[in-house]
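Residue-level listing of the chains:
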Amino acid sequence: MREIPVKLPRLIACDIDGTLMAYDESDLSPRLFPLIEALEARGVLFCPASGRQYASLRRLFAPVADRLIYLCENGGILYGRDGEVLGRTVMERSRALALSRDILAQPACELLISGANMSYVVCKRPGLDEQLRHFTGNRVTVLSCPEEMPEAFLKVSAYCPDGAARYAPLLGPTWAAEFPMAIGGPKWLDFALADKGTGMRILLAALAIDPAEVMAFGDNANDLPMLEAVGMPYVVDRSPLRDLPADWRRCERVEDVLEALLELSDRRA
């Protein structure tokens, strides 16, 4: 782990899957929660920054859920401590529907449409809705077709059981220029107007925080816009990202950096 910053950040944003926990894990380390509480006592906000929905993140961070700021749906919607929506970025409905139909035209792909705090799935085979409910903790509604979507589109995702990277060349040429595309994990391909960088800039404007006072952690390509938007970016060692700026820091575990921040703060107190 490279040298930690000289002073405490005002906000720490952190990706979840692949960064705070492995992709096949469903629970955070209990070591994390007292660190978040100790940082809050020193005036540092903690913000989960994820492609997950608000309900899923609150369940995951249950011991400290009311203390957090939330960047959800890869930046599509942002929540304050009291559940207030601090900002959102929606997709044009007719174009989002066309994208949804193209995803369903891929024989192996399932469709997930993200609303404000609900996942809407169109399942070709049984199982995706239960996986999202029980493994991810999402609130889920099953639709028979994307036209039944009852609210604004924040994100449209292809669930690709045989690997998201296989479908990026099939869907990207048509849609990535209109709705920036990100591989959100081994089996997820996400399309939205917002990304984690967009969401972070909206969040910092709402909270009146300078980007230079923000630390962020990530592991994947969909984290890069957020890491580029802050003054203290960290990438976990197991990340597949390569050729990163020389001044970006690396760490084995996020908790190690948080502990080092607290120790440095205590020494200077």
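Coordinates for the structure precede this section.
Everything numeric in this text was worked out from a predicted model, so none of it was measured. (Residues numbered from 1 in each chain as written. Predicted model: local features only at pLDDT ≥ 70, side-chain atom pairs only at ≥ 80, totals over all residues. Heavy atoms only, no water.)

## Here we look at the overall build of the protein
(1) Moving on: For the protein, the count of helices and strands is eight helices and 14 strands.
(2) Moving on: A compact globule built from 269 residues would reach a C-alpha radius of gyration of about 18 Å, and the protein, at 18 Å, matches this within 12%.
(3) Moving on: C-alpha extents for the protein along the principal axes are approximately 60 × 40 × 30 Å.
(4) Moving on: When each of the 269 residues of the protein is scored for burial, the buried share is 55%. (Helix = DSSP H or I, 4+ residues; strand = E, 2+ residues; numbered from the N terminus. Rg over C-alpha atoms; globule rule 2.2 N^0.38 Å. Buried < 20%, exposed > 50% of the residue type's maximum accessible area, 1.4 Å probe, protein only.)

## Focus: unusual backbone geometry
(1) Moving on: Of note in the backbone geometry, Glu73 takes a positive phi value of approximately 50° without being a glycine.
(2) Moving on: Locating Glu73 in the fold gives a position in the loop between strand 3 (70-72) and strand 4 (77-79).
(3) Moving on: Phi at Asn74 takes a positive value of approximately 55°, unusual for a residue other than glycine.
(4) Moving on: Under the relative-accessibility criterion, Asn74 is labelled buried at 5%.

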